[in-house]
Amino acid sequence: MEKNDGVTIIVFSGDMDKVMAAFNIAIGAAAAGKETNMFFTFWGIKTIQKGNLTGQGLFGRMMGLLNRGGINRIGPSRFNFGGIGRWMFKQMMKSHNITPLEELRQTAIDLGVKLLPCEMSMAVMEIKREHLIDEVEDSCGVATMLEKAFHSKATLFI
Amino acid sequence: MEKNDGVTIIVFSGDMDKVMAAFNIAIGAAAAGKETNMFFTFWGIKTIQKGNLTGQGLFGRMMGLLNRGGINRIGPSRFNFGGIGRWMFKQMMKSHNITPLEELRQTAIDLGVKLLPCEMSMAVMEIKREHLIDEVEDSCGVATMLEKAFHSKATLFI
Amino acid sequence: MEKNDGVTIIVFSGDMDKVMAAFNIAIGAAAAGKETNMFFTFWGIKTIQKGNLTGQGLFGRMMGLLNRGGINRIGPSRFNFGGIGRWMFKQMMKSHNITPLEELRQTAIDLGVKLLPCEMSMAVMEIKREHLIDEVEDSCGVATMLEKAFHSKATLFI
C-alpha cells in the first residue's frame, strides 16, 4: 500500500446512511491501493460491536440497550419513524442490489481497511474489547488517530 | 486553476444550512482559483435536482415525494418545525442580505465548480439524468470522487 | 509550531457530542505541536458565546434565546429528550472522569488553538464581538478559513 497518501475516516455517527457512506469511501480508497484507517468514536462505535448487551452501571446499561444489535440494528439519520425508516431503506437497497452494511464492513476488512476503536468512547459507554468484533485493531486515542491523519491525503469526519 | 491543491466536498446532507455551508466553501475555494469539486450523494442529491417528481417503484416514488421541489424546498437541520424553520431561516437570511441557495448554486457553477452526481444514489432513489439540473457533470462513483480527493488539498464530508 | 502541516476544524454543529469531538481533536493536534485553527460557524458559534441574550430583531432574539447559556447549555445530537440527554451525558462523563466542555475549550486555548468566529454567522444571528468569549480571534470569512485549510494537513467539517 502507498504511504503518506491514504485516507483516515473518523466515524462519529451511528446512523445507517452515514456509516454506509463511510464504508463505501473506505472500500473505494482501499481498492485504489491506499492505506485506509477508520476510527470509530461516540455513536460510531456501535458499528464494530458484536451487538450483545454491555455496561454495568446505569448509564452503561442504557447505552448498551441503545446499541444492542450492532450493525444490523442501525437506522438512517432521517425518516427513521421508529424503525420503519430502517426497514424501508433496507428494502430499497435490496431491490437495487446495494450491499448490506455487514457485508460492506466485511469487504472493508478483506481489503485491509484498519478498524480503530476509540478508547475514550469505550470507557464512557462501558464497552469492553470482547464486545467488539474480532477484526478490530487495539483501541487507541485521538493522538494515534491524528498520527494516521497526518500521514493521509484526506481525513473525513463522518 | 491550480492542480493538486483544490477542494473536494462530499455533500451527503440535504439540510439547508449544511448545503449552504457547502456552497459557501466551494465558492470561496473557486474564487481563490482552486479546482473545486462537489460530489452529491444520498440526501445531498436533492440539491441538484430540478424538483419534479421522480421514481417508478414504491420507494422511488416515496423518495420523489420527499425530494420534490429541489433546492428551494430544503429545510435546515434544526428547528424545522414542519416548514416554519425553513421560512424563519429564509426570512432571517433575507433581512441580512444573505444569498439564497439557488443563487449560491449558480454562483458556484459560474465560478467553475464541478457538480458530480453519485450514480449509486441516483440508482437507489430512482433519479434519472433528466431529473437533475443541466449543469451537472456525468454521474460517477466513489472511485472518481476519491480520484479528485487524492488531488485535493482539503476534502470535506458535509 | 510546524507550518503547512496543521489541522483546520470547521465547527458547524452546536451539538455537545460533536463539539466535544472537535475540541478533543483540536487539543490532540495542538499537543502534537501542529498549528490548529477552529472556525466556528452556524450553530457552532454558540460554543464561543458568553451565554447572555443577544439579538435585537425578532429572529435575532429567537436565536439569542436558543443560544442562551453558551457552552454549558449545549445538548448532544441524540437522545436529548428535552434536556435529560444532556444531563445523562454529563453524569456519564463525570462518572468516567471525562473533561467538561468548558474545560476542554480552556485547554485548547491554553495550547494555542486559534478560535475563529465566522462573521457571516455573527451577522445573521445578530451576535456582536462582546457576546463572544474574550479569547477568540477577530471574526473572519470563508476566504480566511480556507487560507488556513490550504496550509493544513487535515481539514474537518464537524
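Report follows, based on the coordinates. (Residues numbered from 1 in each chain as written. Chains lettered and ligands numbered in written order. Predicted model: local features only at pLDDT ≥ 70, side-chain atom pairs only at ≥ 80, totals over all residues. Heavy atoms only, no water.)

A look at empty space enclosed by the protein
So the rule is basically this: Site definitions follow a grid-based scheme: protein atoms alone, a 1 Å grid, a 1.4 Å probe that fits but cannot get out for cavities, and for pockets an open set with protein on both sides within 12 Å along at least five of seven lines, plus lining residues having an atom within 4 Å of a point. Grid points are joined across faces, edges and corners, and a volume is the space filled by probe spheres set on the points. When residues are sorted by character, Ala, Val, Leu, Ile, Met, Phe, Trp, Tyr, Cys and Pro go into the nonpolar class, Asp, Glu, Lys and Arg into the charged class, and all the rest, Gly among them, into the polar class. Elements are defined by DSSP. Helices are runs of H or I of four residues or more, strands are runs of E of two residues or more, and each kind is numbered from the N terminus.
A full pass over the atoms with the stated rule returns eight cavities of 30 Å³ or more. Within this model, the largest cavity holds a volume of roughly 150 Å³. Forming the boundary of the largest cavity are 14 residues, of which A:Lys18, B:Lys18, B:Phe157, C:Lys18 and C:Phe157 lie nearest the centre. Across the lining of the largest cavity, the residue classes break down as eight nonpolar, three polar and three charged. Counted as a void, the second largest cavity has a volume near 90 Å³. Lining of the second largest cavity is provided by A:Ala21, A:Asn24, A:Ile25, B:Ile10, B:Phe39, B:Thr41, B:Phe42, B:Cys118, B:Met120, B:Val142, B:Met145 and B:Phe157. Listed by contribution, the elements that provide at least two residues to the lining of the second largest cavity are α1 (16–31) of chain A together with α6 (142–150) of chain B. Per element, the largest residue contribution to the lining of the second largest cavity is three residues, and it comes from α1(A). Of the residues that constitute the lining of the second largest cavity, the class distribution is ten nonpolar, two polar and no charged.

A closer look at α6(B)
Basically, it comes down to this: Remark: exposure states derive from per-residue accessible area (1.4 Å probe, protein chains only) relative to the maximum for the residue type, with buried under 20%, exposed over 50%, and partly exposed in between. Working note: the arc is built from the helix axis to C-beta atom directions.
Among all positions of α6(B), only B:Met145, B:Leu146, B:Ala149 and B:Phe150 are buried. Angular distribution of buried residues about the axis of α6(B) spans 140 degrees; they occupy a single face of the element.

Things to note about the interface of chain B and chain A
Counted only if it meets this: In what follows, residue pairs with any heavy atoms lying within 4.5 Å of each other are defined as contacts. Defined in terms of a 1.4 Å probe, buried area is the accessible area two parts forfeit on being brought together, summed over both. Note on definitions: salt bridges are taken to be side-chain nitrogens of Lys or Arg within 4 Å of carboxyl oxygens of Asp or Glu. Within 3.5 Å is the distance limit for a polar contact, defined as a pair of N or O atoms, with the added protein rule that one can donate a hydrogen and the other accept it, and that residues adjacent in sequence qualify only through two side-chain atoms.
Tallying the contact residues gives 24 residues for chain B and 28 residues for chain A. Together chain B and chain A conceal approximately 2,400 Å² of surface at their shared face, both sides included; 79% is due to carbon and sulfur atoms. Counting across the interface, chain B meets chain A through zero salt bridges. Put simply, chain B and chain A have one residue pair in polar contact (both at pLDDT 80 or more) between them. Counting residues per element, the side of chain B that touches chain A draws most heavily on α6(B), at five residues. Per-class residue counts for the side of chain B that touches chain A are 18 nonpolar, three polar and three charged.

So, the packing of aromatic side chains
Heads up, the rule is: In this scheme Phe, Tyr and Trp rings, the latter by its six-membered ring, pair at centre separations within 6.5 Å, and the angle between planes marks the pair as stacked below 30 degrees, edge-to-face above 60, and tilted otherwise. To sit over a ring, a charge needs its Lys NZ or Arg CZ within 6 Å of the ring centre and within 35 degrees of the ring normal.
As enumerated under the stated definition, the model contains nine aromatic pairs over all chains in all. Plain terms: the ring middles of B:Phe12 and B:Phe42 are 4.9 Å apart, the flat faces sit at 35 degrees to each other, and that makes the pair tilted. One end of the pair, B:Phe12, is in the loop between β1 (2–11) and α1 (16–31); the other, B:Phe42, is in the loop between β2 (34–40) and α2 (58–67), with 30 residues separating them in the sequence. An aromatic cluster of at least three residues, connected via ring pairs, comprises A:Phe12, A:Phe42 and A:Phe157. Seen from the ring of C:Phe150, B:Lys34 lies directly overhead, with NZ or CZ sitting 4.3 Å from the centre.

Here we look at the packing of helix α1 (residues 16–31) of chain C against helix α4 (residues 101–110) of chain C
All names here are of chain C. Heads up, the rule is: For helices, the fitted axis covers only the stretch in contact; all axes are lines through C-alpha atoms, and the angles between them, taken along N-to-C directions, range from 0 to 180 degrees. Should an angle fall under 35 degrees it is called roughly parallel, over 145 degrees roughly antiparallel, and 65 to 115 degrees roughly perpendicular, with every other angle called oblique. In this scheme the crossing of two helices becomes right-handed for a clockwise turn of the near helix relative to the far one and left-handed for an anticlockwise turn of less than a right angle.
It is at 9 Å that the axes of α1 and α4 come closest, and there the two elements cross at 25 degrees. When the axes of α1 and α4 are compared, the pair comes out roughly parallel. Crossing of α1 over α4 shows left-handed handedness. Between α1, through Met16, Val19, Met20, Phe23, Asn24 and Ile27, and α4, the contact on the second element is made entirely by Leu101, Leu104, Arg105, Thr107 and Ala108. The residue inventory of the contact of α1 with α4, partitioned by class, reads eight nonpolar, two polar and one charged.

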